[in-house]
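Here is what each chain is made of, one letter per residue.
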Amino acid sequence: MTELAWTQGERSAYERNGSIVDVFGAVAALDPSALAVVDEGRVVSYEDLERASNQFAHYLRSRGVLSGSRVGVAMERSIDVPCVLLGILKAGASYVPLEASQPVDRLSYIIEDVGIACVVVETLSDGDAFRGVDIVSVRDDAGAIASYSAIRPDVLVAADSLAYVMYTSGSTGTPKGVEIVHRGVLRLVRGADYISIARDDVFFQFAPLAFDASTFEIWGALLNGATLAVPVKGALSFAEVGTALRRFGVTVLWLTAPLFSLMVRTELPLFESLRCLLTGGDIVSPGDAAAFIRTNPHCSLVDGYGPTENTTFSCCYRIDSLDAIGESVPIGKPIANATAYILDESLLPVAPGIPGELFVGGDGVARGYVNLPELTAERFLIDPFSSEVGARMYRTGDRARLRADNLIEFLGRSDDQVKINGFRIELAEIERALRANSLVREGAVSVVSDDSGRKFLAAHVVTAPGSMLNVRAVRDHLGSILPQHMVPHRILFVEVLPKNSSGKIDRTELTRRASGVRDPVVPKFRKMQTQLEATISACWVEVLGNGVDADPNTNFFDAGGDSLRLLALHERLVRVLGIDIELLDLFAYPTVRSLVQALDARKVS
């Protein structure tokens with residue numbers, strides 16, 4: 001087994017047979033008055049959080065939540081979320097993050113698929129998207145919750161008990177739920193070797209709960225006695241992020257690789273308080289990594305790799321100096337209590353330097369997929385290289401190779417799964433949604449890069465005979481089925497889809513064609529009425545990066561914009577115009593002309 005020595009992460013001591021609630025209770029008892037969670041106006045100590053989460057657990061039990069129940073959580077980031085999550089776990093249940101902004105049919109599918117007992121919301125009005133489901137409101141039910149015992153319920157929660165179920169894009173055309181147990185979360189944040197967490201650290205809770213980076217943010221802080229800082233709800237501009245980081249004294253921050261690159265390139269003084277920035281979810285640019293280290297020598301940069309099925313991180317590469325950055329940024333080595341193998345088609349190890357498929361294992365491997373036994377058996381395999389009885393490994397579908405320096409280099413996918421802005425997306429799910437439109441005869445999706453290197457989705461649509469489909473109709477149709485990050489940036493109407501010799505869609509040819517086509521989403525340039533319109537329009541064109549002039553009456557999102565590009569547009573507008581524009585203004589006034597009218601009206605008032 002010497003040839004596989006590099007696949008084994010260090011074995012570090014942690015509460016392998018414990019649970020999240022056990023570890024939190026022990027950590028809280030060490031310093032009850034320490035700050036657990038803070039936001040713009042409130043603070044919650046570890047003692048307060050322990051008591052409140054116990055009361056919430058008792059309340060959930062009174063509402064019929066039992067050991068093994070699944071509880072939906074449809075809340076934006078807030079100071080109340082950690083109490084809700086702990087309360088659910090202490091009741092013996094697991095939590096299921098839900099995004100109320102997603103299409104109703106998609107939410108209904110998840111609720112039925114996972115068998116949710118109830119959905120926790122902030123206020124009762126937030127429960128309108130979950131009709132027919134028992135709703136628990138942390139605000140409206142606050143009086144009743146506070147009447148329950150502050151002593152933890154006598155409920156057994158084990159290391160292999162389910163902690164949460166997180167839904168990701170599915171290759172069958174519907175989302176699939178990944179079941180994560182308590183041990184996996186503890187393996188991620190206790191005894192970690194990719195970061196050293198101290199009680200005086202401050203974590204920034206930036207990711208949505210339905211994005212598995214939140215697992216690291218929330219539990220990385222609360223299971224180590226550190227502080228979780230929660231910014232205001234909603235989208236944050238770069239300036240607002242910087243202000244929040246400084247105000248809270250944030251020391252640990254996680255960003256997706258695309259957002260990391262975008263923020264580094266703004267050259268704003270955002271990261272002074274940090275001692276560790278973690279990034280991942282896509283390939284990290286060595287140029288951006290070097291720029292970050294040069295301007296932030298006090299801060300370590302960690303490239304974290306890992307599928308949701310192995311509890312957030314499987315491998316990490318820590319960068320503390322420019323010497324650690326080469327022509328590419330590797331994903332490093334397995335983290336503590338984890339394994340990684342590069343295997344051939346026969347599931348045998350390949351030689352160093354030879355590409356193969358990456359399999360990850362260890363204590364972070366998920367239980368499997370909800371109600372998908374065949375897919376679970378296909379992706380979660382017995383680990384033949386482990387001496388531990390029952391050990392399993394997860395087949396990632398990622399291609400990788402072992403470099404001469406014993407570091408793992410990511411080489412791409414071996415299937416049709418992609419990463420866009422940190423989100424894992426199965427192209428088959430979008431294609432199924434396309435074909436659900438009766439006016440679409442065939443549909444396929446490819447991945448294209450713009451002039452700045454950012455990736456986006458392009459949909460290729462063959463319409464049914466006699467149909468009168470247009471771009472807006474396709475976009476509206478997809479938006480009614482899929483979350484916004486899965487709606488393609490570019491919609492192309494074609495007469496036929498290219499096929500290879502085996503009769504399958506030729507995605508390489510699709511990408512080539514989409515890369516060479518001018519985007520038809522944005523109408524032809526019209527003469528701007530004012531200099532302000534012209535200036536804002538020019539910022540649009542720069543950010544969208546598709547070489548097409550912006551019509552002043554076109555919606556930014558219809559023009560192929562997304563949340564990441566909106567952040568870039570906001571930063572550019574503030575810098576170019578030299579005036580205070582709120583990020584929410586760009587959501588409220590999504591066309592050039594409506595934004596100009598709003599800005600002019602403010603001048604008058």
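Residues numbered from 1 in each chain as written. Predicted model: local features only at pLDDT ≥ 70, side-chain atom pairs only at ≥ 80, totals over all residues. Heavy atoms only, no water.

Okay, the environment of Leu49 next. Inspection of the secondary structure assignment puts Leu49 in helix α2 (residues 46–62). Leu49 gets classed as buried once you look at its relative accessible area, which sits at 2%. Residues Leu49 and Gln417, spaced 368 residues apart in sequence, show a C-alpha to C-alpha distance of 39 Å. Setting aside residues no more than four positions away along its own chain, Leu49 makes contact with Phe24, Ala36, Val37, Val44, Pro82, Cys83, Leu86 and Leu222. (Helix = DSSP H or I, 4+ residues; strand = E, 2+ residues; numbered from the N terminus. Buried < 20%, exposed > 50% of the residue type's maximum accessible area, 1.4 Å probe, protein only. Contact = heavy atoms within 4.5 Å.)

Another aspect to go through is the confidence of the model for the chain. For the chain, the mean per-residue pLDDT works out to 87, and 93% of the residues sit at or above 70. Predicted confidence is poor over residues 1–6, with pLDDT under 50, and the contacts of this stretch with residues over four places away or in other chains come to 10 contacts. Contacts from residues 518–526, a stretch scored under 50 in pLDDT, to residues over four places away or in other chains number 31 contacts. (pLDDT = per-residue confidence, 0-100.)

Relative to each other, helix α1 (residues 20–30) and α2 sit at 140 degrees, their axes nearing to 8 Å. By the angle between their directions, the pair α1 and α2 is classed as oblique. Between α1 and α2 lies a crossing whose hand is left-handed. For the pair α1 and α2, the contacting residues are Phe24, Gly25, Val27 and Ala28 in the first and Tyr46, Leu49 and Glu50 in the second. By residue class, the composition of the contact of α1 with α2 is five nonpolar, one polar and one charged. (Axes fitted to C-alpha atoms, helices over the stretch in contact; angles between N-to-C directions. Parallel < 35°, antiparallel > 145°, perpendicular 65-115°, else oblique. Left-handed = near helix turned anticlockwise from the far one by under 90°. Nonpolar A, V, L, I, M, F, W, Y, C, P; charged D, E, K, R; others polar.)

What follows deals with the sheet that holds strand β26 (residues 490–493). A sheet is described by the order of its strands in space; here three strands give the open sequence β24-β25-β26, paired in mixed fashion. At either margin of the open sheet sits one strand with a lone partner, and together these are β24 (440–449) and β26. Going from strand to strand, the sheet's axes swing by 25 degrees on average, the running direction of each strand aside. Sheet analysis places β24 next to strand β25 (residues 455–463), joined by nine bridges and oriented antiparallel. Its bridge partner being in β25, Ser446 is matched across the sheet by Ala458. (Pairing = 2+ DSSP bridges.)

Further remarks concern the pairing of strand β4 (residues 94–97). On β4, burial covers both faces: Ser94 and Val96 on one face and Tyr95 and Pro97 on the other are all buried. Pairing of strand β3 (residues 70–73) with β4 involves four bridges; the strand directions are parallel. Looking at the pairing, Val73 lines up with Pro97 of β4.

Moving on, we get to unusual backbone geometry. At Thr312, a residue that is not glycine, the phi angle is positive and equals roughly 75 degrees. Examined against the element boundaries, Thr312 turns out to sit in the loop between β13 (300–305) and β14 (315–319). With a relative accessible area of 4%, Thr312 lands in the buried category. For Asn406, which is not glycine, the phi dihedral falls at a positive 65 degrees.

Quick look at the pattern of salt bridges now. A pair can form between side chains of opposite charge whenever their charged atoms are brought close. Inspection of the entire model under this criterion finds 27 salt bridges. Among the ionic pairs, Asp80 bridges to Arg42, the shortest N-O distance being 3.9 Å. In this pair, Asp80 sits in the loop between β3 and α3 (81–90) while Arg42 sits in the loop between β1 (35–38) and β2 (43–45), placing the two residues 38 residues apart along the sequence. You can call Asp80 buried: its relative accessible area is 18%. On the accessibility criterion, Arg42 (37% relative accessible area) is partly exposed. (Salt bridge = Lys/Arg side-chain N within 4 Å of Asp/Glu carboxyl O.)

Bringing the side chain of Asn296 into the picture now. When you line up the elements, Asn296 lands in the loop between α10 (286–295) and β13. Residue classification places Asn296 among the buried residues on the basis of a relative accessible area of 7%.

Next up on the list: the environment of Ala433. Tracing the chain through its elements places Ala433 in helix α12 (residues 427–435). Sequence separation between Ala433 and His485 is 52 residues, and the spatial gap between their C-alpha atoms is 14 Å. Those residues in contact with Ala433 that lie beyond four places of it in its chain are His477, Leu478, Ile481 and Leu482.

Let us now look at empty space enclosed by the protein. Throughout the structure, instances matching the rule amount to one cavity of 30 Å³ or more. Considered as a void within the structure, the largest cavity measures approximately 40 Å³ in volume. If you trace the largest cavity, you find it lined by Ile536, Trp540, Phe556, Leu566, Leu569, Leu586, Tyr589, Pro590, Thr591, Val592 and Leu595. Among the elements of the structure, α15 (531–544), α16 (563–577) and α18 (592–604) are those that each provide at least two residues to the lining of the largest cavity. For the lining of the largest cavity, the class distribution of residues is 10 nonpolar, one polar and no charged. (1 Å grid on protein atoms, 1.4 Å probe; cavity = no way out; pocket = protein on both sides within 12 Å on 5 of 7 lines; lining within 4 Å. Points joined across faces, edges and corners; volume = space filled by probe spheres on them.)

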